[in-house]
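Structural overview
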Amino acid sequence: MGLLFLLLISLAGTSHGQDILTPEERLWLDQQPVIRFAPAPNFPPVEFFNEDNEYQGITADFIKIIDQQLNLGQKLEIVQLKDWGEVMSEGRSRGIDMWGAAEKTAARSQYMQFTEPYIRLPAVIIVRQEFAGDGIEALVGKKVVGIENYASYEHLQENYPQLNALGVPDIEAGLRMVSYGAADAIVANNAAAIYYIEKNGLTNLKVIGESGFEWNLRFAVRDDWAPLLSIMQKSLDSITALQKRDIYRYWINLDSSDGWKFTKDYMLIAMAGALVVIVLVLFGWGWRKRAAVNMQRLTQRIEEQKKIEEELKNLATTDELTGTYNRRAILEIAQTDYQKCLDEGQPFSVLLMDIDHFKQVNDQYGHEVGDRVIRAIVNVCSDILKVKKIGDIGRIGGEEFVVLLPMIDHIEAHSVAEQLRQCVEKEPIQCVENTWYSATVSVGLASLEHSEKFDELLNRADMAMYQAKKAGRNRVAVSQELVAG
């Protein structure tokens with residue numbers, strides 16, 4: 001990106017020899033010791049942090065030009081946060097002063113103010129190749145993925161209640177879900193979709209139309225910093241159309257149909273190549289030995305592709321640290337199992353489990369030991385569930401886990417919870433040489449008592465877990481509703 005950026009700066013004539021700010025704006029800017037700017041951490045190609053934690057993308061190039069225009073020096077502090085939800089939370093609490101690529105909404109306008117849009121991106125509907133139908137109307141009753149905390153997901157929920165909308169943490173996970181059949185469609189911006197489709201080799205996807213939502217991305221500044229809003233708008237206005245075009249062309253192909261041409265052409269070439277190999281194998285032109293080699297290579301490539309696809313599918317559903325189900329996967333399993341038990345009038349129980357005093361473990365021994373404790377507890381619980389041939393366990397937070405017990409009533413579930421708790425307490429975990437740690441867990445139990453949503457059942461288990469902690473930890477607490485019944 002270096003050569004392009006130098007070209008852009010050389011063309012930014014508005015900042016050479018003339019200050020675009022008023023004396024009052026310049027004074028206000030000079031009086032600020034720091035301006036904390038938090039980009040969306042994982043929104044390529046608009047803005048993202050690469051593997052070296054370097055801020056890159058369309059907005060990053062805009063920021064470079066603005067920085068040059070305003071002579072910000074060390075004032076601008078790029079803050080890397082975990083996800084977009086944390087960016088919004090820090091904006092509300094004044095932990096940061098400015099966002100990058102943001103859609104203006106009524107809720108966000110209560111604490112942030114926005115520039116005019118500097119980039120517009122349509123939200124398209126992406127499905128698997130075999131999907132029949134076009135447009136949003138074809139998705140009625142289908143499982144449609146949206147990105148949590150994104151304005152496009154809010155638009156989906158508010159305007160299309162007939163869809164089975166499901167929130168996921170990021171577009172990459174959503175695309176994988178659609179590719180592997182865990183969801184029917186995803187609503188996402190075309191540029192980011194192309195980026196991740198090519199990155200992950202998800203060649204079985206296609207676009208069936210626009211969703212009716214368009215991102216009008218703007219810079220957002222805290223609502224008590226009116227001078228900064230004016231400063232940012234002036235800076236954006238001074239960036240030339242040529243500079244903007246060069247940035248866009250570097251990061252995205254503005255013709256959405258061309259953006260998908262790579263994927264479609266790739267598939268056609270692959271299919272044609274496979275057909276040629278098959279023809280050679282079948283007819284061989286008398287070269288039986290070569291045909292056998294070709295068939296062997298083709299078979300090997302197919303097996304390798306299947307292995308890659310399986311690995312990607314596992315990545316989308318597996319918690320990297322523990323190897324068990326991640327939050328999204330275990331909650332999907334929960335919804336399916338719970339609904340089945342509800343429909344058939346069968347019992348269903350859920351446990352929420354939290355490691356006691358886990359922060360002290362990290363503080364005293366470090367995060368490496370903390371990770372070891374988490375893995376050990378999951379292994380203990382997984383082994384017990386496998387022996388009993390019941391339930392599933394998944395990690396839903398840092399040191400928090402959920403255990404699903406379909407077809408298990410509250411009496412048997414309480415016995416299982418006590419066995420898990422006792423076995424965890426007895427498991428020695430090596431911290432450092434000759435030092436062992438005995439972890440304990442607090443467990444909340446809730447069982448299906450009437451026709452309620454799974455989220456309500458999970459919430460009862462969560463409250464029971466906090467009752468266990470409040471009562472002294474290292475114990476099982478049962479939902480008060482169940483006790484009252």
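Residues numbered from 1 in each chain as written. Predicted model: local features only at pLDDT ≥ 70, side-chain atom pairs only at ≥ 80, totals over all residues. Heavy atoms only, no water.

1. Some words on the packing of helix H2 (residues 23-31) against helix H8 (residues 226-238)
Closest axis-to-axis distance for the H2/H8 pair is 10 Å, and the angle between their directions is 110°. With respect to H8, the axis of H2 lies roughly perpendicular. Once H2 is placed against H8, the crossing between them reads as left-handed. Side by side, H2 and H8 meet where Glu25, Trp28 and Leu29 of the first sit next to Pro227, Leu228, Ser230, Ile231 and Lys234 of the second. (Axes fitted to C-alpha atoms, helices over the stretch in contact; angles between N-to-C directions. Helix = DSSP H or I, 4+ residues; strand = E, 2+ residues; numbered from the N terminus. Parallel < 35°, antiparallel > 145°, perpendicular 65-115°, else oblique. Left-handed = near helix turned anticlockwise from the far one by under 90°. Contact = heavy atoms within 4.5 Å.)

2. A word on H2
Burial in H2 covers these residues: Glu25, Arg26, Trp28 and Leu29. Taken end-on, H2 shows its buried residues confined to a sector of 160°, consistent with a single buried face. H2 presents Pro23, Glu24 and Gln31 as exposed residues on the side facing more than 90 degrees away from its buried surface. Turning to H2, the residues buried within the fold contact strand E1 (35-38), helix H3 (58-70) and H8. (Buried < 20%, exposed > 50% of the residue type's maximum accessible area, 1.4 Å probe, protein only. Arc of directions from axis to C-beta.)

3. With respect to the environment of alanine 182
Summarising the element assignment, alanine 182 is placed in the loop between helix H6 (171-179) and strand E11 (185-189). Residue class for alanine 182 comes out partly exposed when judged on its relative accessible area of 32%. Separated by 37 residues in sequence, alanine 182 and valine 145 have C-alpha atoms that sit 9.8 Å apart. Ignoring any residue separated from it by four or fewer positions in sequence, one finds alanine 182 in contact with Lys143, Met177 and Glu332.

4. Some points on the side chain of threonine 59
Residue position: threonine 59 is located in helix H3. With relative accessibility at 0%, the residue threonine 59 sits in the buried group. Other than its neighbours up to four places away in sequence, threonine 59 contacts Phe37, Val46, Glu47, Gly100, Ala101, Tyr118 and Phe219.

5. As for the nonpolar core
Counting residues in each nonpolar core, the largest one holds 88 residues, and the members touching the most others are Phe62, Trp99, Leu139, Ile171, Leu175, Ile186 and Phe219. Element by element, the count of residues in this core is highest for strand E12 (residues 205-222), at eight residues. Apart from residues lying up to four places away in sequence, isoleucine 186 is in contact with Val124, Ile125, Ile126, Val145, Ile147, Ile171, Gly174, Leu175 and Val178. In this structure, Val369, Cys381, Val403 and Val476 belong to the second largest nonpolar core, which totals 35 residues. (Core = buried A, V, L, I, M, F, W, Y, C linked by side-chain atoms within 4.5 Å.)

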